Amino acid sequence: MRLAVIPARGGSKRIPRKNIRPFAGRPMIGYAIGAARKSGLFDHVVVSTDDDEIAAIALDLGAEVPFRRPADLADDHTPTVPVVAHAVRACDALGWTASEVCCIYACVPMIEADDIARALALLADRPGAAYTFPVVGFPSAIQRALRRSPDGATSSFFPEYQQTRTQDLEPAFHDAGQFYWGRREAWLEGLSVHGNASTIVLPEWRVVDIDTEDDWKRAEALHRSLRPEARA
């Protein structure tokens, strides 16, 4: 059995209620639920939330909300792995014992079902990996990063690379922040994701990080330009 877990707590601070705020005419969480369902990979698509309104919207969008997340796993500092482990155990109690579990974040309007499938295939192909997830390349060489002082002066973080051509530097990647496939035991044992994973690479234009109102506007404009059917 495969399980999708979408963590969606109610206490978002920087953008209040962002999990269910309308994005391009659809509740934000609808993109995660829709991609999970479209993939056809999951026996259950579960939303882990502490919030009744989020639960009601998730149910309306086709997800399941068979339990509530406890308050001690719904604060600003709770890591992802314990939240998913709680969901796995809660689903065990319902008789839904999953061998592979995919954590899909709630605010991922650019997510694609095909990427979820690619990462699952990689997990099956890499028995030594506890997790698989998508990454994206940094838009500029991190070895050429600059430090800026209050008076505007700059200095190199890595002076040894000041004269190196960017095309000669090793590419660097960061977590795309969309989803994580993991083996059941990895979630329950609390293994860290980044140190125990294989990855797929996404194009930069399909990765957005939404933490501020400016981020939201930029992401919505990008989404509408790439997906004309989503235009209001």
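See above for the structure.
Values in this document were obtained by computation on a predicted structure and should not be read as measured data. (Residues numbered from 1 in each chain as written. Predicted model: local features only at pLDDT ≥ 70, side-chain atom pairs only at ≥ 80, totals over all residues. Heavy atoms only, no water.)

Asker: Tell me about the pattern of salt bridges, and please be specific about residues and values.
Answerer: What the rule picks out here adds up to 15 salt bridges. Residue Glu53 is joined to Arg17 by a salt bridge in which the shortest nitrogen-to-oxygen separation is 2.7 Å. With a gap of 36 residues between them, Glu53 in helix α2 (residues 52–60) and Arg17 in the loop between β1 (2–7) and β2 (22–23) connect regions that are remote in the sequence. Look at Arg17 and you get partly exposed, because its relative accessible area is 28%. Linking Arg206 and Asp115 is a salt bridge whose minimum nitrogen-to-oxygen distance equals 2.7 Å. Within this pair, whereas Arg206 is found in the loop between β11 (197–201) and α6 (213–226), its partner Asp115 is found in helix α4 (residues 113–125), the two being separated by 91 residues in sequence. On the basis of relative accessibility, which here comes to 4%, the residue Asp115 falls in the buried class. Taken together, the shared-partner salt bridges in this structure form one network comprising Arg14, Lys18 and Asp211. (Salt bridge = Lys/Arg side-chain N within 4 Å of Asp/Glu carboxyl O. Helix = DSSP H or I, 4+ residues; strand = E, 2+ residues; numbered from the N terminus. Buried < 20%, exposed > 50% of the residue type's maximum accessible area, 1.4 Å probe, protein only.)

Asker: So, α6: which residues are in play, and what are the values?
Answerer: With 14 residues, α6 should reach 20 Å at 1.5 Å per residue; the first-to-last C-alpha distance of 20 Å fits that figure. Among the residues making up α6, those that are buried are Asp215, Trp216, Ala219, Glu220 and His223. All buried residues of α6 project into a common sector of 125 degrees when viewed along the axis, lining one side. The exposed set on the far side of α6, more than 90 degrees from its buried face, consists of Asp214, Lys217 and Arg218. The elements touched by buried residues of α6 are β2 and α1 (29–39). (Expected span 1.5 Å × (residues − 1). Arc of directions from axis to C-beta. Contact = heavy atoms within 4.5 Å.)

Asker: Got a sec to walk through the nonpolar core? Specific residues and values, please.
Answerer: A general trend in soluble globular proteins is that nonpolar side chains are found buried together. With 35 residues, the main nonpolar core has Val47, Ile104, Ile116 and Trp181 as its most contacted residues. Looking at this core, the elements that each hand over two or more residues are β1, α1, β4 (44–48), α2, β5 (100–104), α4 and β10 (179–183). (Core = buried A, V, L, I, M, F, W, Y, C linked by side-chain atoms within 4.5 Å.)

Asker: Outline the pairing of β11, supporting the account with residue identities and numerical values.
Answerer: Here β11 shows a clear split, with Ser198 and Ile200 buried on one side and none of Ala197, Thr199 and Val201 buried on the other. As paired elements, strand β6 (residues 131–137) and β11 share five bridges and run parallel to each other. What sits directly across from Val135, in β11, is Val201. (Pairing = 2+ DSSP bridges.)

Asker: Provide a residue-level description of the environment of Leu73, including the pertinent values.
Answerer: With respect to the helices, strands and loops of the structure, Leu73 is situated in the loop between α2 and α3 (80–93). Classification of Leu73 by relative accessible area gives buried; the value is 15%. For the pair Leu73 and Asp50, spaced 23 residues apart in sequence, the C-alpha separation works out to 8.9 Å. Ignoring sequence-local partners within four residues, the contact set of Leu73 consists of Thr78, Pro82, Val83 and His86.

Asker: Just give me the short version of the packing of aromatic side chains, but keep the residues and values in it.
Answerer: Enumeration according to the criterion identifies six aromatic pairs in this entry. Residues Phe23 and Tyr31 carry aromatic rings whose centres are separated by 5.8 Å and whose planes lie at 85 degrees to one another, so their mutual orientation is edge-to-face. As far as the burial class goes, Phe23 and Tyr31 line up, both buried. Members of the aromatic cluster, each reached through a chain of ring pairs, are Phe23, Tyr31 and Trp216. Above the plane of the ring of Trp216 lies Arg21, whose end atom (NZ or CZ) is 4.3 Å from the centre. (Phe/Tyr/Trp six-rings, centres within 6.5 Å; stacked < 30°, edge-to-face > 60°. Lys NZ or Arg CZ within 6 Å of the ring centre and 35° of its normal.)

Asker: Help me get a handle on a nonpolar patch on the surface, residues and values and all.
Answerer: The grouping of Phe157, Phe158 and Tyr161 at the surface amounts to a nonpolar patch, some 260 Å² of accessible area in total. Assignment of secondary structure puts Phe157 in the loop between β8 (154–156) and β9 (173–175). Overall, the relative accessible area of 41% leaves Phe157 in the partly exposed class. (Patch = residues over 30% accessible without salt bridge, like charges linked within 9 Å, V, L, I, M, F, W, Y side chains within 5 Å. Areas by Shrake-Rupley, 256 points an atom, 1.4 Å probe, with all protein chains shown as cover.)

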